[in-house]
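Structure at a glance
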Number of protein chains: 2
Amino acid sequence: MEHLQPLSYLNVDITGGFWAAAQKRNRDVTIPAVRDRFEETGRFKAFDFTWKEGADEPEPHFFWDSDVAKWIESAAYELAKAPDEALQALVERVIDRIEAHMEPDGYFNIWHTVVQPGSRFQNQDRHELYCLGHLLEAAVAYYEATGRDRFLNTMDRYVELVYRTFVEEKSAAFDVPGHEEIELALYRAWRARPRELYKELANYFIDKRGTDPKALGGWCHPLYCQNHIPVRSQREAVGHCVRACYLYSGMADYAAVNGDEEMLAACRDLFEDVTRRKMYVTGGIGSTHRGEAFTIPYDLPNASAYTETCASIALAMFANRMLVIDPDSRYADVTETEIYNGILSGLSLDGEAFFYENPLEIDLQMRKRDVSTTDAPRWPITQRQKCFWCSCCPPNLTRFIASLSGCAISVGEKDVYLHQFMPLRAETDGLTLTVETNYPVDGDVRVRVLGGAGKRLKVRLPGWCRHYTADRAHTVDRGYLTFDVPGDDCAFEIGFDLTPCFITADPRVAEDVGKVAVRRGPVVYCAEAVDTDASLALVRADTAETPRVIPDDGTYGVPTLVMKACVIAPDDDAPLYSADPAVRTTPAELPLIPYFAFANRGETDMRVWLTKA
Amino acid sequence: MEHLQPLSYLNVDITGGFWAAAQKRNRDVTIPAVRDRFEETGRFKAFDFTWKEGADEPEPHFFWDSDVAKWIESAAYELAKAPDEALQALVERVIDRIEAHMEPDGYFNIWHTVVQPGSRFQNQDRHELYCLGHLLEAAVAYYEATGRDRFLNTMDRYVELVYRTFVEEKSAAFDVPGHEEIELALYRAWRARPRELYKELANYFIDKRGTDPKALGGWCHPLYCQNHIPVRSQREAVGHCVRACYLYSGMADYAAVNGDEEMLAACRDLFEDVTRRKMYVTGGIGSTHRGEAFTIPYDLPNASAYTETCASIALAMFANRMLVIDPDSRYADVTETEIYNGILSGLSLDGEAFFYENPLEIDLQMRKRDVSTTDAPRWPITQRQKCFWCSCCPPNLTRFIASLSGCAISVGEKDVYLHQFMPLRAETDGLTLTVETNYPVDGDVRVRVLGGAGKRLKVRLPGWCRHYTADRAHTVDRGYLTFDVPGDDCAFEIGFDLTPCFITADPRVAEDVGKVAVRRGPVVYCAEAVDTDASLALVRADTAETPRVIPDDGTYGVPTLVMKACVIAPDDDAPLYSADPAVRTTPAELPLIPYFAFANRGETDMRVWLTKA
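Here is a short report on the structure shown in this document. (Residues numbered from 1 in each chain as written. Chains lettered and ligands numbered in written order. Predicted model: local features only at pLDDT ≥ 70, side-chain atom pairs only at ≥ 80, totals over all residues. Heavy atoms only, no water.)

Right, let's talk about the overall build of chain A for a bit. Looking only at helices and strands, chain A has 13 helices and 23 strands in total. Taking 2.2 N^0.38 as the reference for a compact globule, 613 residues should give roughly 25 Å; the C-alpha atoms of chain A span a radius of gyration of 25 Å, in line with that estimate. Along the three orthogonal principal directions, the C-alpha set of chain A runs to about 80 × 70 × 50 Å. For chain A, the share of sequence-separated contacts (at least 6 apart) that also reach a separation of at least 24 residues comes to 71%. Total accessible area computed for chain A in this model is approximately 20,900 Å², and 48% of it derives from carbon and sulfur atoms. Placing the 66 positive and 93 negative side-chain charges of chain A at their respective mean positions leaves the two points 1 Å apart. (Helix = DSSP H or I, 4+ residues; strand = E, 2+ residues; numbered from the N terminus. Rg over C-alpha atoms; globule rule 2.2 N^0.38 Å. Contact = heavy atoms within 4.5 Å. Areas by Shrake-Rupley, 256 points an atom, 1.4 Å probe, with all protein chains shown as cover. Lys, Arg positive; Asp, Glu negative; His and termini not counted. Charge placed at Lys NZ, Arg CZ, Asp CG, Glu CD.)

As a further point, take the relation of the copies chain A and chain B. Mapping one chain copy onto the other needs a rotation about an axis and a shift along that axis. After a rotation of 180° and a shift along the axis of 0.0 Å, chain A superposes on chain B with an RMSD of 0.0 Å. Expressed as an axis order, the relation between the two copies is that of a two-fold axis. When each C-alpha of chain A is compared by its distance to the rotation axis, A:Gly514 comes out closest, at 3.3 Å. (Least-squares fit on C-alpha atoms with pLDDT ≥ 70 in both.)

Moving on, we get to the packing of helix H11 (residues 309–325) of chain A against helix H13 (residues 393–402) of chain A. Residue and element names in this part refer to chain A. For the pair H11 and H13, the least separation of the axes is 9 Å and the interaxial angle reads 35°. Seen from above, H11 lies across H13 with left-handed handedness. Taken together, the residues of H13 that come into contact with H11 (itself represented by Thr309, Cys310, Ile313, Ala316 and Met317) are Cys393, Asn396, Leu397, Arg399 and Phe400. The class makeup of the residues in the contact of H11 with H13 is 7 nonpolar, 2 polar and 1 charged. (Axes fitted to C-alpha atoms, helices over the stretch in contact; angles between N-to-C directions. Left-handed = near helix turned anticlockwise from the far one by under 90°. Nonpolar A, V, L, I, M, F, W, Y, C, P; charged D, E, K, R; others polar.)

Let us now look at the interface of chain A and chain B. The partner chain B presents 64 residues to the 64 residues of chain A that form the contact. Summing both sides of the interface, chain A and chain B together bury roughly 4,900 Å²; the carbon and sulfur share of this comes to 56%. The largest per-residue losses of area from chain A upon contact with chain B belong to A:Arg290, A:Leu576 and A:Tyr577, which jointly make up 17% of the total buried on that side. Linking chain A with chain B are 6 salt bridges. The partner of B:Asp299 in a salt bridge is A:Arg369, and the shortest N-O contact between them spans 2.6 Å. Here chain A is connected to chain B by 25 residue pairs in polar contact (both at pLDDT 80 or more). (Buried area = accessible area lost by both parts, 1.4 Å probe. Salt bridge = Lys/Arg side-chain N within 4 Å of Asp/Glu carboxyl O. Polar contact = N/O pair within 3.5 Å; in protein donor to acceptor, adjacent residues only side chain to side chain.)

Bringing the packing of helix H3 (residues 85–101) of chain A against helix H5 (residues 128–146) of chain A into the picture now. All names here are of chain A. Relative orientation of the contacting elements H3 and H5 amounts to 135°, with a least axis distance of 13 Å. One finds that H3 runs oblique with respect to H5. When you trace H3 past H5, the crossing you get is left-handed. On H5, the residues that touch Gln88, Val91, Glu92, Ile95 and Ile98 of H3 are Leu135, Tyr142 and Thr146. For the contact of H3 with H5, the class distribution of residues is 5 nonpolar, 2 polar and 1 charged. (Parallel < 35°, antiparallel > 145°, perpendicular 65-115°, else oblique.)

Here we take up empty space enclosed by the protein. Residues and elements named next belong to chain B. Inspection of the entire model under this criterion finds 3 cavities of 30 Å³ or more. In this structure, the largest cavity occupies an estimated 50 Å³ of space. Around the largest cavity sit Asn123, Gln124, Arg126, His127, Glu128, Leu129, Tyr130, Phe174, Pro177, Gly178 and His179, which together line it. Grouping the amino acids of the lining of the largest cavity by side-chain chemistry returns 4 nonpolar, 5 polar and 2 charged. (1 Å grid on protein atoms, 1.4 Å probe; cavity = no way out; pocket = protein on both sides within 12 Å on 5 of 7 lines; lining within 4 Å. Points joined across faces, edges and corners; volume = space filled by probe spheres on them.)

Moving on, we come to the pairing of strand E16 (residues 523–528) of chain B. In regular strands, side chains alternate between the two faces of the sheet. Residues and elements named next belong to chain B. The element E16 is largely enclosed, with a buried count of 6 among its 6 residues. Of the two faces of E16, both are covered, the one formed by Val523, Tyr525 and Ala527 as well as the one formed by Val524, Cys526 and Glu528. Here E16 runs beside strand E21 (residues 584–594); their pairing, made up of 2 bridges, is antiparallel. Across the sheet, the residue bridging to Tyr525 is Pro594, located in E21. Pairing of E16 with strand E22 (residues 606–607) involves 2 bridges; the strand directions are antiparallel. Considered in E22, the bridge of Glu528 is made with Met606. (Buried < 20%, exposed > 50% of the residue type's maximum accessible area, 1.4 Å probe, protein only. Pairing = 2+ DSSP bridges.)

Here we take up the sheet that holds strand E8 (residues 444–450) of chain B. All names here are of chain B. Strand order in the open sheet formed by 6 strands is E2-E6-E7-E8-E13-E10, and the pairing between neighbours is antiparallel. One side of each edge strand has no neighbouring strand; the edge strands of this open sheet are strand E2 (12–14) and strand E10 (468–470). For this sheet, the mean inter-axis angle between neighbouring strands, taken without regard to orientation, is 15°.

Pasting the structure below:
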């Protein structure tokens, strides 16, 4: 098993371009906006443990701890980049409250203490261990960012309690968490500050899962929370997508930490199943809102896609972990698809509003189909929200974007891998790597390696790329352009052809038969009705001509496109069914915008997949 | 307004061919089978009014009266054709019970008397007037078939009570029935035995509907039961499809009986809306199981189609009524589509099992999509049932098939219309019409008119027909080949070309974009997975070649077809999305069977709409 070392965001700076702008917006707008929404909704106040039955305050939810934890994690990443007294003071205040309200034996959970006291560890589906996992991740991030260990030490007490309760005493009413997260958090803590306890507890939860498929309490279907069979036997992705990919991330960590080839094989198969059979072209996963879940292979409905923002983040987390133990470009390809599409679509252009679900089609008319009954089905919402009742996605976005540079580079004994293309400066063990590029505005990437004589530079050749150039001799190894680094100051120029192209889905994807999507480099495009007089359902894409590239005017950070098409003129006098249909069409030019930017101009129809002419 | 006289089934005999066989099966197998199921399930026993809370017997449902009523109506049609002492004795026994248990003031309803006494006329959605309507139709049929008026006289007492309660005293808790049916039944009674009371009450319910859209009791959404606006203003078909088309049938009767042009205009628009925008190629209506309802125009999903057998019957009833007041072949076209497809598909080939829903696609794999949750969505069942909890469809089929010849011919002052093609012998007012044909096995139709000198013979030119021949001079008037009848013994030979053809849906039907259906004459075909090794989802129809006709071996009564196709070879190593897909196909021959015969060979995938190559 390979063992690469991913360079942490602490070692890699994004120095410009698309993602520097996104990180600036994240710091200046989104992180404060999420903080404000969480203050308004009582999520911060809940840490005072003052809520009482019948009080004016909103009742804390059992996953609120995790919302604030992910926000703190985001704040920690920003504190590592630049000091901010007010930000740090707020984090410290929350840590004060956690310390103050942690029970003497180390237990900490707001809901289970103030709303439903005495219910500790009784219900698998009540997110106690999930919340602990996020608090632990936040504590690790804060420790790494600031060197302060108070938060991590405090959470250690809870980890110790969980170890006693689940591993030693087995006194909880369930054996493994209903919502995975604690596993990967424990491995992360172990990497930051090795304590065997972390690793043992994580290993325990991973090994235990699926060995007693009786889900206790809640509505946890064993398949829903991946508790149906032991994880080493799991080869098909099932159930709640976020839970699944958090588990698979933990499994990849397990494989890395324990050098477990069997676990790696399971992870490979699960990754294959997700990305070859159950993933949208945007990287979205979750074909149904029922259980926010995976369904069957190739079942990828567009308008009713669930494709939660958190699920895309979770899949990127899984992919990034797989890169470490199984270096292959297809993992980094998936991460790239996520960051430019399925993840980024969860955030509005102004940085203040969010999507929980990211459908690939909006047809406003279709939502009126069940007007005559009261049990109308559920459709994804079409307008971005400032906060959600279950507001897991916004702080997941802020922490992901703030720490994005951590997925760009990893190093092996001899190899330096460049997975993601953005202006970067990275330092590690006497080696300095700088990347200059306007990617994905254009495809030119210049890499300079200082102090790398004798190493190999491995630059990902993106799976979407049909033509590229490189100024130095190279081989291609598992999807990486592999260059020898002959001296201690070497520059490499690679050019990826970003000509837009039409994408076809596997013929087994029934929803996309006869349709195309448009991609330019890593960016998937969509059509919005606000840009055309035509009904998107009657647009037929002319795939003979490559869409025209329109330089960005500052709106999106990447170009827009214009596609040749024809539009069918509906004929109300024609029969509904005919052996001799006379279809009249008019030529049209259809503007396309990046999918990540859909629904920023009001409520309007949208399509990623367009019917071919 | 035209006023044709439809010839009743009493005046028209089916003398052979496809429908004589269907009627024989109906009489010998289906009517006895429905009787047996209704006896087993307590539906006949319920008329004894002996049910008691906690009894062993099943609790009567509030629509059971109507189930037995439709069965009696079927029996009456058979009694008119041939005496059957046992059959008549059973009918008489039910009439005895109705007479015995009718309340002194004329009220009769099993559920409201034995299960929930004291609940009379309190809940719009509890089918009291719907049950009365079906009992009244049965009483009329029995009266016309046997000359016995006891049943009709008995039901008259109930009609009088309803008139007093709803029209005079207005003492019911609602103003119009939640499930329409009584309106058309009253007009039918009025035609059989003119009493002004029938007409006035029917007119009252039609006029009243939608004037107070507050639906009382039940879960009756005003749109669900067409109670949202006055019927003359209704221009879009909404809500529960059977209710809607029973109402529209009553509205057409209203227009005919009262000579009301405004009502006719509403009926025309509603018929247009249903058949041009909301009807499947099989004649099925009801795009969603939610409310068993119409949805929005062109929303015609195939696998989740509701398309209840009763709804197809109801639409044929509406179409047949429109023919009388607006003679145009498009109405008879819809009736024909229904009788060979959407209605007949509700009955198994052996005549003993039924479909309530008639989907246009079965994908067994797809039904496993929501395996990880307990709130999986509802799919149409895939195996024919002997009886249903709500078993409205089986006796609706038996009465429809038994009286089918009533939709074949109508006469005007000068015109004799032949709407449906089957071997027939009809007599009316000194005129005898005989039809000889193997239709729809072949398209040759020989019509002989005796005693018709000076009349015009109008033979429908089916909307699906692209080529025809006729041996006499004619004009075409509103879809009818119009021949002068020059003498008192004239024969006419017409030949319709039944070459199979590929049908395309209006481009606004999103589900059918890029797909074709196959029709031969009036019969729509489907592919069943049991006939091929290929997955139907990967079959691509070759539309360049006309499907081959395979003579019937006695299984279906019409030929089967074999279609040229290719089958895509799935490639598990290919990426899920690709700009350069390499799709390999193999040529194939795909057998097609009549849609009406689907699901007679076990549970198997099925498709009406096939993707074009």
